[in-house]
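Notes for the structure review
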Amino acid sequence: MSAHLREVIDLPGVEGAVLSSSDGLSLESYGHYTELLAAELTALRATFERASRSSGLGKMSRLAITAETLEIVVVTAGPYLAAVAMTRGIDTRPAQQALAKLALSLPLPGASNAR
């Protein structure tokens, strides 16, 4: 079982979860859609970060996508991206909180990480 994704994958409605690096490679994964989540969401992150910088909105830290059958929640932390794909209609707030907690626990490059 994934050490970082443990709290996320135990939530109701989770169909897949992934922790990926800035190059879109999966570092940890669980369930369905993990290759898609790692690669495609990394590309979306780059697009949205470019748009938010050029618009003066600052750094992007969270992204949510609702599709016909899935809700995807993404949290970014430094070079990492953590995402969960959930059955549509499930409350995503617990997943958002778990991903935010995960993001705070990740070792960031150049940081002392003494928490």
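Structure's up top.
Residues numbered from 1 in each chain as written. Predicted model: local features only at pLDDT ≥ 70, side-chain atom pairs only at ≥ 80, totals over all residues. Heavy atoms only, no water.

**Focus on the overall build of the protein chain**
When its secondary structure is counted, the protein chain shows three helices and five strands. Moving toward the C terminus, one meets the helices and strands of the protein chain in the order α-β-β-α-β-β-β-α. Relative to a compact globule of 115 residues, whose C-alpha radius of gyration would be 13 Å, the protein chain shows 14 Å and is just as compact. Dimensions of the protein chain along its principal axes, counting C-alpha atoms only, are 35 × 35 × 25 Å. Evaluated residue by residue, the protein chain yields a buried proportion of 40% over its 115 residues. (Helix = DSSP H or I, 4+ residues; strand = E, 2+ residues; numbered from the N terminus. Rg over C-alpha atoms; globule rule 2.2 N^0.38 Å. Buried < 20%, exposed > 50% of the residue type's maximum accessible area, 1.4 Å probe, protein only.)

**Quick look at the nonpolar core**
Core analysis: the biggest nonpolar cluster contains 20 residues, and Val-84 and Leu-99 have the highest contact counts within it. Mapped by element, the contributors of at least two residues to this core are helix 1 (6-9), strand 1 (14-20), strand 4 (70-77), strand 5 (80-87) and helix 3 (93-105). Setting aside chain neighbours within four positions, we find Leu-99 in contact with Val-8, Val-73, Val-75, Ala-82, Ala-83 and Val-84. (Core = buried A, V, L, I, M, F, W, Y, C linked by side-chain atoms within 4.5 Å. Contact = heavy atoms within 4.5 Å.)

**Concerning the pattern of salt bridges**
Tallied over the full model, the rule gives three salt bridges. A salt bridge links Asp-91 to Arg-93; its shortest N-O distance comes to 2.9 Å. Assessed through its relative accessible area of 38%, Asp-91 is described here as partly exposed. (Salt bridge = Lys/Arg side-chain N within 4 Å of Asp/Glu carboxyl O.)

**So, helix 3**
For helix 3, which comprises 13 residues, the first-to-last C-alpha distance of 19 Å matches the rise-based estimate of 18 Å (1.5 Å per residue) to within 8%. Taken together, the buried positions of helix 3 are occupied by Ala-95, Ala-98, Leu-99, Leu-102 and Ala-103. Looking down the long axis of helix 3, one finds its buried residues gathered within 140° of arc, a one-sided arrangement. Exposed and oriented more than 90 degrees from the buried face of helix 3 are Arg-93, Gln-97, Lys-101 and Leu-104. (Expected span 1.5 Å × (residues − 1). Arc of directions from axis to C-beta.)

**Thoughts on the side chain of Glu-71**
Within the secondary structure, Glu-71 is located in strand 4. In this structure the side chain of Glu-71 is engaged in a polar contact, spanning 3.3 Å, whose partner is the backbone nitrogen of Gly-89. Ignoring sequence-local partners within four residues, the contact set of Glu-71 consists of Ile-65, Thr-66, Val-84, Ala-85, Met-86, Arg-88, Gly-89, Ile-90 and Thr-92. (Polar contact = N/O pair within 3.5 Å; in protein donor to acceptor, adjacent residues only side chain to side chain.)

**So, the sheet that holds strand 4**
What the five strands build is an open sheet, ordered 2-1-5-4-3; its pairing is antiparallel. Looking at which strands have only one partner, the edges of the open sheet turn out to be strand 2 (26-31) and strand 3 (62-66). Going from strand to strand, the sheet's axes swing by 10° on average, the running direction of each strand aside. Here five bridges tie strand 1 to strand 2, and the two strands are oriented antiparallel to one another. Residue pairing for strand 2: Val-18 is matched across the bridge by Ser-29. (Pairing = 2+ DSSP bridges. Axes fitted to C-alpha atoms, helices over the stretch in contact; angles between N-to-C directions.)

**Brief notes about the side chain of Ser-21**
Looking at the secondary structure, you find Ser-21 in the loop between strand 1 and strand 2. What Ser-21 contacts, discounting residues up to four positions off in sequence, is Leu-27, Thr-42 and Pro-79.

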